[in-house]
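# Summary of structural features
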2 protein chains.
Amino acid sequence: MRIVLIGAGNLATQLGTALAESEHKVVQVYSRTEESARALGTKLGVPYTTSLHDITGGSDVYIFSLKDSALEEVAKQVCLHDDNKVYLHTAGSMPMELFRPYASRYGVLYPMQTFSKQRMVDFKTIPLFVESNCIEAGMLIQRLADSLSHKVMVLSSEQRKYLHLAAVWACNFTNHCYTIAADILESHGIPFNVMLPLIDETTGKVHELKPIEAQTGPAIRYDKSIIDRQIELLDKDIIKQELYKQLSRSIHESSKQTGKSKEQL
Amino acid sequence: MRIVLIGAGNLATQLGTALAESEHKVVQVYSRTEESARALGTKLGVPYTTSLHDITGGSDVYIFSLKDSALEEVAKQVCLHDDNKVYLHTAGSMPMELFRPYASRYGVLYPMQTFSKQRMVDFKTIPLFVESNCIEAGMLIQRLADSLSHKVMVLSSEQRKYLHLAAVWACNFTNHCYTIAADILESHGIPFNVMLPLIDETTGKVHELKPIEAQTGPAIRYDKSIIDRQIELLDKDIIKQELYKQLSRSIHESSKQTGKSKEQL
C-alpha cells in the first residue's frame with residue numbers, strides 16, 4: 001500500500017518508522033510546521049509538505065495523526081468521496097464517524113502506547129485497535145495493522161473511548177505518581193533509581209494478580225497514623241496533600257469490595 | 001546468626017524464606033495469631049509461639065515485622081539491655097530510636113518492596129535500607145543484609161520516612177491507578193491484559209528517562225476537550241472524577257516546570 005502520513009508528532013514518527021520497515025510505502029509526510037515535516041520526511045526519506053493542498057491524490061491510505069482538536073477540520077480539507085482511498089485516524093478518544101461527511105471509506109487504527117521522542121518502541125508488541133465503516137476498508141485496515149503488530153483487535157468507537165480513559169489511568173496518572181516520587185527523593189538526596197525494583201515489581205504483579213489483589217500499603221491497611229504523618233511530610237504542597245488524601249480514600253473505598261486490609265508495602 | 005522473627009505477615013514470610021535459604025538460622029517465629037504463627041513456623045520448619053513470654057532468650061537477632069502501631073509496645077515487652085542481642089525492625093516509616101528505652105544494640109532493616117501472599121519475590125534484588133545505633137549493631141546488620149540482597153544502603157530514619165513516602169506514590173498509588181483502569185475496562189467488556197504492554201512501557205521508560213520527561217497524555221498537553229469528556233465518562237463516581245481532575249491539574253502544574261506540552265498517549 002501507498003501511504004500518506006498527515007501529522008509528524010511522536011506517534012506519527014514511530015508509526016512511520018514501523019511502516020518504512022514493513023512491505024508498505026510511505027509516499028509523503030504532511031505537518032503544519034516545517035520543522036516537524038522536514039524531520040519526519042528526512043527520517044523516512046520521502047517528500048514532505050506543510051500545505052494541505054499539496055497532499056498527493058495518488059495514495060491508497062491517508063493516516064491522520066493529529067491532535068484531536070485539529071482532526072475534523074483537516075479531514076474536511078483532505079478527504080474525498082473516492083472508493084479507492086481509505087482514511088484513518090489514530091486517536092483514542094475520537095469517533096470514527098468524524099470522517100462520514102467527507103469520505104466513503106474510512107476507519108481507525110489506534111496504537112495504544114506512550115510515545116516519547118527520546119525512546120523508540122517495538123511496534124510489533126503494541127496493541128492496535130481497529131475499526132472500519134465498510135468491509136473494504138475493514139480488510140485493508142486489518143491487513144495494514146497485521147503487518148505492523150502481532151496484537152490487532154477490532155473495537156468500536158464507544159468502547160475505544162473507555163479504553164483510552166483506562167489508558168490515561170494506567171499510564172499517564174501512573175507516570176505522574178512516579179514524578180511525585182522522584183521529586184520527593186530528589187529533595188532528600190536519594191537517587192530515583194533505588195525505586196526501580198519496587199516499580200518493576202508493582203508492574204510485574206499485575207501480570208499475575210488483579211490490581212485490586214495486588215494492592216499494598218498504608219491506605220489499604222487504613223493505617224491512619226502513617227497516612228496522617230505522610231500528609232504532614234508533604235506540607236509545602238497543597239495539591240499533592242489533597243491528592244494523597246483522595247487516593248488513600250479511594251483505595252480505602254475499593255478495599256471494602258475485597259475485605260482486604262493487611263498487605264504490607 | 002540465630003534469628004527470631006517477631007511477626008508473620010507477608011514481609012516476615014518472604015524475609016523468613018530468604019533467611020532460611022541463607023547461611024543464617026531462624027530459630028523461632030512469633031505471631032499474635034495462632035494461624036499466622038503456625039503457617040510461617042511450618043513453612044520454615046521452626047518452632048512458633050503466640051506468647052511474647054515464650055520468645056527465646058537464646059538468639060542473636062530479633063527482627064520485628066509488625067504493624068507500626070504495635071511495634072513499640074511489643075519492643076517494650078521483648079527487648080533487653082543485653083550487648084549480645086541486636087533488635088531490628090523492618091518498617092519504612094518508623095524511627096530506629098523507638099528501641100532506645102528498651103535495648104542497647106538495635107537498628108533497622110527496611111526491604112523496600114511490595115509483598116503479597118500470592119507472589120514470591122527474589123529477595124536478592126530488593127533494596128535493603130539499613131541503620132544502626134552503634135558500630136557493633138551496624139556490622140551485624142550489614143552482614144545480615146549483604147547475605148540477603150545485592151543492594152544494601154545505609155539510610156537515616158529521617159531520610160527513610162521520605163523514601164517510604166515516595167514508595168507509597170510509586171507503588172501503592174500507581175497500583176490503585178491500575179485498579180481504576182481495570183474497573184473501567186471490565187465495565188466495558190475489555191480484558192485487562194490488553195493494558196499490559198502500555199503498563200510495561202510506562203515502567204520501562206522511567207528506567208531511561210526522568211518521569212517528568214516521560215509524561216504523555218491529555219493532561220500534559222492540556223487538551224481540555226478530552227479532559228472534560230473523560231471526566232464525563234466517569235459520571236457515576238464522584239471520588240474518581242475528583243481524582244481525575246486533581247491528577248490532571250497536578251500534571252499540568254508540573255508541566256510548567258518543563259515547558260512540555262505535546263507528548264501523545
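As a starting point, this report considers the structure included with it.

Rules used in this analysis
- Starting from 1, residues in each chain are numbered consecutively following that chain's sequence as written.
- For naming, the first written chain is A and the first written ligand is 1, with later ones following in the order written.
- Since the coordinates come from a predicted model, pLDDT governs what is reported: local features require at least 70, and pairs of side-chain atoms require 80 or more to be given and counted, while whole-chain, interface and lining totals use all residues.
- The side-chain quantities take in all heavy atoms of the structure and omit both hydrogens and water.
- Note on terminology: disulfide denotes any pair of cysteine sulfur atoms within 2.5 Å.
- By definition, two strands form a pair when at least two bridges between them are found by DSSP.
- Helix and strand labels come from DSSP, where a helix needs a run of H or I of at least four residues and a strand needs a run of E of at least two; each type is numbered from the N terminus.
- By the convention used here, residues are in contact when the closest approach between their heavy atoms is within 4.5 Å.
- Every axis in this analysis is a line fitted to C-alpha atoms, fitted for helices over the stretch in contact. Angles between the N-to-C directions lie between 0 and 180 degrees.
- Remark: exposure states derive from per-residue accessible area (1.4 Å probe, protein chains only) relative to the maximum for the residue type, with buried under 20%, exposed over 50%, and partly exposed in between.
- Any pair of N or O atoms that falls within 3.5 Å is considered a polar contact. Within protein, one atom must be able to donate a hydrogen and the other to accept it, and sequence-neighbouring residues count only if both atoms are side-chain atoms.
- Take a side-chain nitrogen of Lys or Arg and a carboxyl oxygen of Asp or Glu: if they are within 4 Å of each other, that pair is a salt bridge.
- For this analysis, a nonpolar core means a set of buried residues of the types Ala, Val, Leu, Ile, Met, Phe, Trp, Tyr and Cys, connected via side-chain atoms within 4.5 Å.
- The fit set for superposing copies consists of C-alpha atoms from residues with pLDDT of at least 70 in both; the fit itself is least squares.
- What counts as buried area is the accessible surface, traced by a 1.4 Å probe, that two parts surrender upon association, with contributions from both included.
- Under the scheme applied, nonpolar residues are Ala, Val, Leu, Ile, Met, Phe, Trp, Tyr, Cys and Pro; charged residues are Asp, Glu, Lys and Arg; polar residues are all the others, including Gly.
- Any angle that falls under 35 degrees is termed roughly parallel, while one over 145 is termed roughly antiparallel, one within 65 to 115 roughly perpendicular, and all others oblique.
- What a helix is expected to span follows from its residue count: subtract one and scale by 1.5 Å.

## What to know about the state of the cysteines
A covalent bond between the sulfur atoms of two cysteines is what we call a disulfide. This model, assessed by the stated rule, comprises 0 disulfides over all chains. Looking at the unpaired Cys171 of chain A, the closest cysteine sulfur is the one in Cys177 of chain B, lying at 11 Å.

## A word on the sheet that holds strand E8 (residues 152-154) of chain A
Residue and element names in this part refer to chain A. Spatial strand order, E3-E2-E1-E4-E5-E6-E7-E8: 8 strands in an open sheet with mixed pairing. Each having just a single partner strand, strand E3 (48-49) and E8 make up the two edges of the open sheet. Sheet topology note: the strand E1 (residues 2-6)/strand E4 (residues 61-64) ladder contains 4 bridges and is parallel. The residue of E4 that forms the bridge with Ile3 is Val61. Running at roughly 165 degrees to E1, helix H1 (residues 10-20) makes contact with E1, strand E2 (25-30), E4 and strand E6 (106-111) of the sheet. Where helix H3 (residues 68-78) meets the sheet, its contacts fall on E1, E4 and strand E5 (86-89), and the angle it forms with E4 comes to roughly 160 degrees.

## As for the side chain of Ser255 of chain B
All names here are of chain B. Inspection of the secondary structure puts Ser255 in helix H10 (residues 238-258). Using a relative accessible area of 6% as the deciding quantity, one classes Ser255 as buried. Among the polar contacts listed, one links the side chain of Ser255 to the backbone oxygen of His252, at a separation of 2.5 Å.

## Observations concerning the pattern of salt bridges
Opposite charge on two side chains allows them to pair when their charged atoms are near. Under the definition given, this model contains 22 salt bridges over all chains. The shortest N-O distance in the salt bridge between Arg160 of chain B and Glu131 of chain B comes to 2.6 Å. Remark: Glu131 of chain B occurs in strand E7 (residues 128-132) and Arg160 of chain B occurs in helix H5 (residues 157-187); sequence separation between them is 29 residues. The exposure class of Arg160 of chain B is buried, given its relative accessible area of 1%. Of the charged contacts in the structure, one is a salt bridge between Asp237 of chain B and Lys240 of chain B, with a shortest N-O distance of 2.8 Å. The class of Asp237 of chain B is partly exposed, set by a relative accessible area of 24%. When its relative accessible area of 16% is taken as the criterion, Lys240 of chain B is described as buried. Within this structure, Asp83, Arg105 and Glu136 of chain A form a network of salt bridges that share partners.

## Structural notes on the nonpolar core
One finds Phe64, Trp169 and Met195 of chain A together with Phe64, Trp169 and Met195 of chain B to be the most contacted residues of the largest nonpolar core, which totals 130 residues. When residues no more than four places from it in sequence are discounted, the contact partners of Phe64 of chain B are Ile6, Leu71, Val74, Ala75, Val78, Cys79, Tyr87, Leu88, His89, Thr90 and Phe99 of chain B. Residues Leu44, Leu109, Ile126 and Val152 of chain B belong to the second largest nonpolar core, which totals 33 residues.

## What to know about the relation of the copies chain A and chain B
Once chain A is rotated about the relating axis by 180 degrees and shifted along it by 0.0 Å, it coincides with chain B to within an RMSD of 0.0 Å. Taken together, the turn and the small shift mark the pair as related by a two-fold rotation axis. Nearest to the rotation axis, the C-alpha of Thr174 of chain A is located 2.4 Å from it, this being the minimum over chain A. When the interface residues of chain A are mapped onto chain B, 100% of them again fall at the interface, so both copies present the same face.

## Quick notes on the environment of Val86 of chain B
All names here are of chain B. Secondary-structure assignment places Val86 in strand E5 (residues 86-89). Each C-alpha atom, one on Val86 and one on Glu136, is 8.9 Å from the other, the two residues being 50 residues apart in sequence. For Val86, the residues in contact, after removing those within four places along its chain, are Asp60, Val61, Tyr62, Arg105, Tyr106, Ala137, Leu140 and Ile141.

## Section: unusual backbone geometry
A positive phi angle is found at Tyr222 of chain A, which is not glycine, with a value near 50 degrees. Relative to the helices and strands, Tyr222 of chain A is located in the loop between helix H8 (218-221) and helix H9 (224-233).

## Focus: the interface of chain A and chain B
Taken residue by residue, the interface counts 98 residues in chain A and 98 residues in chain B. For the pairing of chain A and chain B, the buried interface totals around 9,900 Å² over both sides, and the portion due to carbon and sulfur atoms is 63%. Linking chain A with chain B are 4 salt bridges, by the criterion used here. Here Glu208 of chain A and Arg119 of chain B are joined by a salt bridge, their closest N and O atoms 2.9 Å apart. Sorting the residues of the side of chain A that touches chain B by element identifies H1, helix H5 (157-187), helix H6 (196-208), helix H7 (211-214), H9 and helix H10 (238-258) of chain A as the ones contributing at least two each. Here the side of chain A that touches chain B gets 25 residues from one element, more than from any other, and that element is H5 of chain A. Residues of the side of chain A that touches chain B, tallied by class, amount to 51 nonpolar, 29 polar and 18 charged.

## A word on the sheet that holds strand E2 (residues 25-30) of chain B
All names here are of chain B. Spatially, E3-E2-E1-E4-E5-E6-E7-E8 is the arrangement adopted by the 8 strands of the open sheet, whose pairing is mixed. This sheet does not close on itself; its edge strands, each paired only once, are strand E3 (48-49) and strand E8 (152-154). Both strand E6 (residues 106-111) and E7 contribute to a ladder of 5 bridges, which runs antiparallel. When the bridges of E7 are listed, Pro111 appears paired with Leu128. Sheet strands touched by helix H3 (residues 68-78): strand E1 (2-6), strand E4 (61-64) and E5. Its angle to E4, the strand with the most contacts, is close to 160 degrees. Helix-sheet contacts for helix H4 (residues 135-148) involve E1, E4, E5, E6, E7 and E8, and the interaxial angle to E7 is about 165 degrees.

## Describing the packing of H9 of chain A against H5 of chain B
Across the interface, H9 of chain A lies against H5 of chain B with an axial gap of 10 Å and an inter-helix angle of 100 degrees. By the criterion of interaxial angle, the relationship of H9 of chain A to H5 of chain B is roughly perpendicular. Across the interface between the two elements, Ile226, Gln230 and Leu233 of chain A from H9 of chain A touch Lys161, Tyr162, His164, Leu165 and Val168 of chain B from H5 of chain B. Residue composition of the contact of H9 of chain A with H5 of chain B, grouped by class: 5 nonpolar, 2 polar and 1 charged.

## Some thoughts on the side chain of Thr203 of chain A
Here Thr203 of chain A lies in helix H6. Leaving out residues up to four positions away in the same chain, Thr203 of chain A has contacts with Tyr178 of chain A together with Tyr178, Ile199, Asp200 and Thr203 of chain B.

## Quick look at H6 of chain A
Taking 1.5 Å per residue, 13 residues should reach 18 Å; H6 of chain A reaches 19 Å between its end C-alpha atoms and fits that length. Among the 13 residues of H6 of chain A, 10 are classified as buried, and the element is accordingly described as predominantly covered. Of all the residues in H6 of chain A, the buried ones are Leu196, Pro197, Leu198, Ile199, Glu201, Thr202, Thr203, Gly204, Lys205 and Val206 of chain A. The inward-facing, buried residues of H6 of chain A abut H5 and H7 of chain A together with H5 and helix H6 (196-205) of chain B.

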